[in-house]
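Each chain, letter by letter, is given below.
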Amino acid sequence: MKAGWNTEKLGEVCTFLNRGISPKYLEEGGVCVLNQKCVRDHRISYEQARRHDAKDKAVSDVRFIQLGDVLVNSTGTGTLGRVAQLREEPPEPITVDSHVTIVRPKPSKFFPDFFGYMLIVIEEAIKEAGEGCGGQTELARSVLAESFSVSYPTSLPEQQRIVRILDEAFAGIATAKANAEKNLQNARALFESHLQAVFTQRNEGWVERQLDEVVDANCTLSYGIVQPGNDYPDGLHIVRPTDLTRFLITLDGLKRIDPKLADGYRRTVLRGGELLLCVRGSTGVISVAAPGLAGANVTRGIVPIMFNTSLLRQDFGFFLMTSEAIQSQIREKTYGAALMQINIGDLRKIVVSFPQLKQQLELAGKLKELTAETQRLEAIYQQKLAALDALKKSLLHQAFTGAL
């Protein structure tokens, strides 16, 4: 460690390190309570805060957040470990719920904003320190206080100098990230605009049919296996709605089930090349079955679609089914609260519009080219975003090893 720097346990440099309250919520009035959703991207947001009935349970003064406090999410897979510092006076008396830990530094020991950066440095380690219990990932107060060490220069002017450099650099990085994210959104929006134009600015010769009238004779538009059961080593591959996160679905990562469970579901055995439409949960999501999926099956939440190629090309059909013209119909026919789904009878009645096969070939070719270009641009912007995140980590590493 560089001369003039100290290393201590986190609990040793704090006056308060504890979780918030277990609120009794109100629709309005009471005390503002922050939760895990309010701590994201090293910022504190009040938009998703809720209100606590302080008459039912009083809030002690020490649990009202103060300027300079760092909030640490202390429960939840995907949320645990996220940190954010309060760098402005709170707009009103505010506390946190029991899923968030308040970390308050000793007065005069730190330049306030330096303390916030110091905890960002150990954020990844905090995320990895959670322990599972009853399906929940938890970070005990004692672990946060005793298991993490922080390093800092004892000189407050030196801390202030580091903060000044990091603030300036991070502001530039934030601007660059915002531009890259905007460009990413624009690339996707441009593709969507072209896609929608194809299916709204139709020329003469387009026809309308119900979905069940344009599918292959061997495609019955049916649900898959209702209860696929547990994993079955060397069993039958099955595609679930949670697998539809990629354009092309291959055998990689698919669950296997007892082949006997598929005996009554021959109508949904895959041949490869089908569109796999999600009809439970994220209704309307579509992927394509790779040729290697021939012989596999799908669960209750997926309907395989194979078009009658004398009427509708499969590649054009993919763009058709992802268009707003079809997706809006799916949304209109989707029902449910806890689990959104679409009835198979309603799905079969969805109206599709398409031109002659020759024009389908031309339009599908253009949309494929645009898809490839959009994906190329997305990859570039994603690389830029990753590089900016890496730059932030590098700057923090330099700052807290005395190399900045």
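Everything here concerns the structure above.
Structural notes, computed from the coordinates. (Residues numbered from 1 in each chain as written. Predicted model: local features only at pLDDT ≥ 70, side-chain atom pairs only at ≥ 80, totals over all residues. Heavy atoms only, no water.)

1. Description of the overall build of the chain
Reasoning step 1: Helix and strand counts for the chain stand at 8 helices and 25 strands.
Reasoning step 2: Computed over its C-alpha atoms, the radius of gyration of the chain comes to 27 Å, more than 25% above the 22 Å expected for a compact globule of 404 residues.
Reasoning step 3: Over its C-alpha atoms, taken along the principal directions, the chain stretches across nearly 80 × 50 × 45 Å.
Reasoning step 4: The 404 residues of the chain split such that 45% are buried.
Reasoning step 5: Expressed as a percentage of contacts within the chain between residues at least 6 apart in sequence, the contacts between residues at least 24 apart total 77%.
Reasoning step 6: Carbon and sulfur atoms form 50% of the exposed surface of the chain, whose accessible area is close to 20700 Å².
Reasoning step 7: Between the mean site of the 48 positive side-chain charges and the mean site of the 47 negative ones, the chain shows a separation of 2 Å. (Helix = DSSP H or I, 4+ residues; strand = E, 2+ residues; numbered from the N terminus. Rg over C-alpha atoms; globule rule 2.2 N^0.38 Å. Buried < 20%, exposed > 50% of the residue type's maximum accessible area, 1.4 Å probe, protein only. Contact = heavy atoms within 4.5 Å. Areas by Shrake-Rupley, 256 points an atom, 1.4 Å probe, with all protein chains shown as cover. Lys, Arg positive; Asp, Glu negative; His and termini not counted. Charge placed at Lys NZ, Arg CZ, Asp CG, Glu CD.)

2. Things to note about the nonpolar core
Reasoning step 1: The biggest cluster of nonpolar side chains holds 38 residues, and the ones touching the most others in it are Leu-211, Ile-305, Phe-316, Met-321 and Leu-347.
Reasoning step 2: Ranked by residues supplied to this core, first place goes to helix α5 (residues 314-322) with 5 residues.
Reasoning step 3: Residues contacting Leu-347, with those up to four places away along its chain left out, are Leu-211, Leu-277, Val-279, Val-303 and Ile-342. (Core = buried A, V, L, I, M, F, W, Y, C linked by side-chain atoms within 4.5 Å.)

3. Thoughts on the sheet that holds strand β21 (residues 297-298)
Reasoning step 1: Within the open sheet, the 3 strands sit side by side as β18-β16-β21. Their pairing is mixed. Two strands lie at the open edges of the sheet, namely β18 (255-257) and β21, each paired on one side alone.
Reasoning step 2: Across 3 bridges, the pairing between strand β16 (residues 236-239) and β18 is antiparallel. Bridge pairing in β18 places Ile-238 opposite Lys-255. (Pairing = 2+ DSSP bridges.)

4. What to know about the pattern of salt bridges
Side-chain pairs of opposite charge can arise whenever the charged atoms involved come near each other.
Reasoning step 1: Counted by the stated rule, this structure contains 18 salt bridges.
Reasoning step 2: Here Arg-271 ties to Asp-216 by a salt bridge, and the two come within 3.7 Å at their closest N and O atoms. Residue Arg-271 is located in the loop between β18 and β19 (275-278), and its partner Asp-216 is located in the loop between β15 (207-210) and β16; the two are separated by 55 residues in the primary sequence.
Reasoning step 3: In this structure, the salt-bridge partner of Arg-331 is Glu-324, at a minimum N-O distance of 2.2 Å.
Reasoning step 4: Note on Arg-331: relative accessible area 49%, which makes it partly exposed.
Reasoning step 5: The structure contains a network of salt bridges with shared partners spanning Arg-87, Asp-113 and Asp-167. (Salt bridge = Lys/Arg side-chain N within 4 Å of Asp/Glu carboxyl O.)

5. Details of the packing of helix α4 (residues 156-200) against α5
Reasoning step 1: Here α4 crosses α5 at 100°, and the two axes come no closer than 10 Å. Taken together, α4 and α5 sit at an angle that is classed as roughly perpendicular. Between α4, through Phe-191, Leu-195 and Phe-199, and α5, the contact on the second element is made entirely by Phe-316, Phe-319, Leu-320 and Thr-322.
Reasoning step 2: Here the residues of the contact of α4 with α5 are counted per class, giving 6 nonpolar, 1 polar and no charged. (Axes fitted to C-alpha atoms, helices over the stretch in contact; angles between N-to-C directions. Parallel < 35°, antiparallel > 145°, perpendicular 65-115°, else oblique. Nonpolar A, V, L, I, M, F, W, Y, C, P; charged D, E, K, R; others polar.)

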